[in-house]
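Results of the structural survey
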Amino acid sequence: MRSIHLTRSLTVLALPLAVAALVAWVSLGESASHADEGQALVAGSVCEAHELKARAAEDPHLSVEIPKEFDKAFPTRAACLSHAAAEDPDAPGPLQPIQFSHKHHAGTFEIDCQYCHSGTDVSPAAGVPSVELCMGCHSQFPKEYDQLEGIRTLKQHWETKEPIQWEQIHRLPEHVQFQHRAHVRAGFDCQRCHGAVEEMEKVYMTEDTIWWPWGLPSKKLEMGWCVDCHRENGASQDCYACHY
Ligand code: HEC
Ligand code: HEC
Ligand code: HEC
Ligand code: HEC
Ligand code: HEC
């Protein structure tokens, strides 16, 4: 993306110069038809090529140049876009070591939450998937996908056998007991507690402010949030259910 922006800002800089040249040419009685020459936007990667092709399809006057080595189908435009969205620092949620998009995997491709978070039903921690699980799919992808930084990072971890240090988002203090198992078995969807994760390019903790019976606001993962739902659903409110 960066070099498109660069090209664009160079174009902006070049514009007054081009106008000046145009005026000079016209006043010399020459044709202005060559004034745009040398202004073509040049793709510097497959992802940039996808964007330039899309822009040129909308605006036939736009002059674009796609070098042969970047005129490829893979990585797909969808993969390029979701990779970029997952590294957007302005989107809510922490930046992860790999540009991994839930929207792309769990939304578009409908990969089941439990396929990757299989621990939810059997262990206290839902866990995040291993590098092996990612590679089960990604080792079968065309090599061109290595152009994406996230895929390269994934493969580096695969080679060095080092787990990925994902930034943790939902984390309870040590003194609190929580098991996914009981909650999932009681029939709650993941989304009930985590929001529409399949629509998130980058996971973040969703807002959910609840007013306790006695009027104190509590947010997600705070005690009031747990107790409120327990009260509504007839689950235990005994201190020792959640604190040993
Ligand atoms: C069940 C198969 C499957 C698994 C498991 C899987 N992926 Fe993917 N991944 C895909 C598909 C399909 C795409 C989209 C390809 C496209 O759109 O061209 C993709 C795209 C990506 C991309 C590029 C687009 C983006 O969203 O950033 C990255 C990076 C990525 N995966 C990382 C991972 C990581 C890390 C894991 C493990 C946590 C993982 N994948 C697990 C199937 C999988
Ligand atoms: C292809 C594998 C994959 C699928 C499918 C997937 N996840 Fe994830 N999930 C991950 C990875 C990798 C992380 C850690 C990086 C991140 O936060 O994006 C994660 C993180 C999370 C987190 C935050 C963990 C924390 O630290 O608090 C939640 C919540 C979550 N996923 C829920 C879901 C839900 C709900 C679904 C289904 C709608 C789902 N995931 C589908 C791989 C997956
Ligand atoms: C009743 C609310 C609730 C439901 C339902 C729920 N979660 Fe969670 N989830 C939590 C809480 C609370 C935490 C923090 C747990 C901790 O710190 O011990 C958490 C943590 C996580 C994490 C962080 C990593 C980890 O190892 O704990 C992932 C991933 C996750 N949930 C995925 C899911 C998925 C996938 C589902 C659906 C199958 C799901 N959750 C359903 C409340 C819920
Ligand atoms: C969306 C509603 C909901 C939320 C939010 C919720 N719980 Fe629960 N929880 C339940 C229900 C319902 C049960 C009873 C399940 C059963 O008995 O089968 C339960 C059961 C439990 C149990 C006892 C089950 C067992 O493992 O033996 C503990 C401990 C617990 N919850 C802790 C928590 C904590 C801690 C939080 C907040 C971080 C929390 N819960 C948030 C609905 C919720
Ligand atoms: C349904 C689960 C649940 C029940 C029942 C519960 N707690 Fe908590 N408690 C939590 C969670 C989650 C936290 C951590 C989040 C927070 O600090 O709000 C917490 C935190 C606390 C803290 C530490 C607050 C702090 O500032 O660090 C105390 C003290 C506490 N609980 C006491 C109690 C007492 C006393 C009871 C019984 C009347 C009780 N809890 C019942 C879930 C529960």
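Just above sits the structure.
These lines cover the structure that appears in this document, whether it is placed above or below.

Each value, and the rule that gives it
- Residues numbered from 1 in each chain as written.
- Chains lettered and ligands numbered in written order.
- Predicted model: local features only at pLDDT ≥ 70, side-chain atom pairs only at ≥ 80, totals over all residues.
- Helix = DSSP H or I, 4+ residues; strand = E, 2+ residues; numbered from the N terminus.
- Buried ≥ 20, exposed ≤ 12 C-beta atoms within 10 Å, placed from the backbone.
- Contact = placed C-beta atoms within 7 Å.
- Near = placed C-beta within 6 Å.
- Nonpolar A, V, L, I, M, F, W, Y, C, P; charged D, E, K, R; others polar.
- Domains from an automatic or database assignment.
- Core = buried A, V, L, I, M, F, W, Y, C linked by C-beta atoms within 7 Å.
- Axes fitted to C-alpha atoms, helices over the stretch in contact; angles between N-to-C directions.
- Parallel < 35°, antiparallel > 145°, perpendicular 65-115°, else oblique.
- Left-handed = near helix turned anticlockwise from the far one by under 90°.

Focus on the overall build of the protein
From N to C terminus, the protein includes 11 helices and four strands. Counting only residues that meet the buried cut, the protein has 15% of its 244 residues in that class. Long-range pairs, those at least 24 residues apart, make up 55% of the contacts in the protein between residues at least 6 apart in sequence.

Examining the site of ligand 4
Around ligand 4, a shell composed of 22 residues is seen, among which Ala182, Cys226, Cys229, Asn233 and Ala235 lie nearest. Among the secondary structure elements, those contributing two or more residues to the shell around ligand 4 are α8 (180-185), α9 (190-194), α10 (223-232) and α11 (239-242). Residue composition of the shell around ligand 4, grouped by class: 14 nonpolar, six polar and two charged. Residues from two domains meet in the shell around ligand 4; each of domain 2 (95-205) and domain 3 (207-244) gives at least three.

Observations concerning helix α3 (residues 77-86)
Listed as buried for α3 are Ala79, Cys80, Ser82, His83 and Ala86. Of the surrounding secondary structure, the elements contacted by the buried residues of α3 are α2 (46-58), α4 (102-108) and α7 (149-160).

Structural notes on the nonpolar core
Counting 16 residues, the largest nonpolar core has Ala49, Leu52 and Leu154 as the members making the most contacts within it. For this core, the elements supplying multiple residues, two or more each, are α2, α3, α6 (131-138) and α7. Examining the composition of this core, we find that four residues originate from one element, α2, more than from any other. Residue-level mapping places this core at the junction of two domains, with at least three residues from each of domain 1 (2-70) and domain 2 (95-205). Discounting chain neighbours no more than four positions away, the residues touching Leu154 are Ile98, Val131, Cys134 and His138.

Concerning the packing of α6 against α7
One way to put it is that α6 packs onto α7 with a least axis distance of 10 Å and a crossing angle of 120 degrees. Judged on the interaxial angle alone, α7 and α6 are oblique. In the crossing of α6 with α7, the sense of the turn from one axis to the other is left-handed. Two secondary-structure elements touch here, α6 through Val131, Cys134, Met135 and His138 and α7 through Ile151, Leu154, His157 and Trp158. Residue classes in the contact of α6 with α7 are distributed as six nonpolar, two polar and no charged.

As for unusual backbone geometry
Residues apart from glycine generally show negative phi values, whereas peptide bonds are mostly found in trans. Put simply, Phe74 and Pro75 share a cis peptide bond, and its omega is -5 degrees. Assignment of secondary structure puts Pro75 in the loop between β2 (64-65) and α3. Here Glu110, not a glycine, exhibits a phi torsion of approximately 50 degrees, which is positive. Examined against the element boundaries, Glu110 turns out to sit in the loop between α4 and α5 (113-116). One non-glycine residue with positive phi stands out, namely Lys161, at about 60 degrees. On the secondary structure map, Lys161 appears in the loop between α7 and α8. Judged by the 8 C-beta atoms lying within 10 Å of it, Lys161 is exposed.

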